[in-house]
Amino acid sequence: MARLTALVLGAGAGGGFPQWNCNCPVCALAWAGDPRVVPRGQAGIAVSADGENWLLCNASPDLRSQILATKALHPKSGSRHSPIKAVLLTGAEIDQTAGLLTLRERQDVAVYGTPATLAALADNPMFGALHPDSVRRRALSVGETVSALPGLSMEIFTVPGKMPLYLEGENPEIGESAVNVGVELTARDARLLYIPGAAGVTDAMRERMRGADVILFDGTLFTDDEMIALRVGEKTGMRMGHMPIDGPDGSLAALSDLTARRIFIHINNTNPVLIAGSSARQRVEKAGFEIAHDGMEIVL
Ligand code: MLT
Ligand code: MN
Ligand code: ZN
């Protein structure tokens, strides 16, 4: 019988790994072809309960090459076909939505997002290239359970975060709202959570995580001031809506008591967990967490 399957299309954060203009110590290893690091595309997963129909969670700018690299997503029959039947957007960041433009050839696909996320798409005329007869936008409310695909139900939930970078203004509020959500995907009794951006873990999230088999969680930065320390940015992770992995307010501590399989995704190119054998990687692995890589298959 078919099982709940998730394929990691991309495990990197916005910009991917290595990032086109970055020579930070981690990217430098990638540019040099060091075998301790493996390049990663921008974050997204594909999920199916029957192996035939697939839901994308986010559509990154790397989507076309991610489809090429993933046999399950290739056309299977007739002159026009795609196993991709739906896309769920957890926010309207560029690295979550720009890949929709790759799906613009009049193929039937449903695009789900909160009203706030769909409003960001509606405000950008470029997404008008997605013909509304084929690419149907469906508003999802927090707490509403919908059948996304045969055998697969989904429910979104709020996660502390912020507006997309290109909309945020000077001092964005970082908190819980429908601009940043996580999604729970259920097939029979198998449960997977996809939470690629989180500025914190609420009690409600913790409760939900206790019932999950697998949690794909925000692994953007290892330390909150990592980009400042490397002089490649001026913002902390928290200011970007991403809690760090390490430290007293980090995800390693916050998720330490869970029994679910815990996998970090949306990993920024500066994050030393990308280096096999690094002390950061060893810490994470000793604590029982995994580091996602492109092509990773999770079967429940
Ligand atoms: C983020 O995750 O903070 C955003 O994707 C930032 C970006 O678009 O570069
Ligand atoms: Mn991002
Ligand atoms: Zn870098």
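Scope of this entry: the structure provided in the associated data block. Since this is a predicted model, take the numbers as computed values, not measurements. (Residues numbered from 1 in each chain as written. Chains lettered and ligands numbered in written order. Predicted model: local features only at pLDDT ≥ 70, side-chain atom pairs only at ≥ 80, totals over all residues. Heavy atoms only, no water.)

1. Concerning the coordination of the zinc ion (ligand 3)
So, point 1. Within the protein, Cys-22 (SG), Cys-24 (SG), Cys-27 (SG) and Asn-269 (OD1) serve as the donor atoms for the zinc ion (ligand 3), at 2.1 to 2.3 Å.
So, point 2. Coordination at the zinc ion (ligand 3) is tetrahedral, judged from the four donor atoms that bind it and the angles of 101 to 120 degrees they form at the metal.
So, point 3. Judged by relative accessible area, Cys-22 falls into the buried class, the value being 9%.
So, point 4. Judged by relative accessible area, which is 3%, Asn-269 ranks as buried. (Donors = N, O, S within 2.8 Å, 3.2 Å for Na, K, Ca; no water. Tetrahedral: all angles 85-135°; square planar, octahedral: opposite > 155°, others 65-115°. Buried < 20%, exposed > 50% of the residue type's maximum accessible area, 1.4 Å probe, protein only.)

2. Remarks on the site of ligand 1
So, point 1. Taken together, Glu-93, Asp-95, Leu-165, Met-240, His-242 and His-266 are the residues near ligand 1.
So, point 2. A distance of 2.8 Å is found between an oxygen atom of ligand 1 and a side-chain nitrogen or oxygen belonging to His-242.
So, point 3. At 3.1 Å, a side-chain N or O of His-266 approaches an oxygen atom of ligand 1.
So, point 4. Protein contact buries 77% of the 270 Å² of open area that ligand 1 shows by itself.
So, point 5. One can see that ligand 1 is located within the largest pocket.
So, point 6. Residues that form the shell around ligand 1 fall into these classes: two nonpolar, two polar and two charged. (Near = heavy atom within 4 Å. Polar contact = N/O pair within 3.5 Å; in protein donor to acceptor, adjacent residues only side chain to side chain. Areas by Shrake-Rupley, 256 points an atom, 1.4 Å probe, with all protein chains shown as cover. 1 Å grid on protein atoms, 1.4 Å probe; cavity = no way out; pocket = protein on both sides within 12 Å on 5 of 7 lines; lining within 4 Å. Sits in = over half its atoms within 2 Å of the grid points. Nonpolar A, V, L, I, M, F, W, Y, C, P; charged D, E, K, R; others polar.)

So far we have only geometry, and geometry alone does not tell us how the molecule works.
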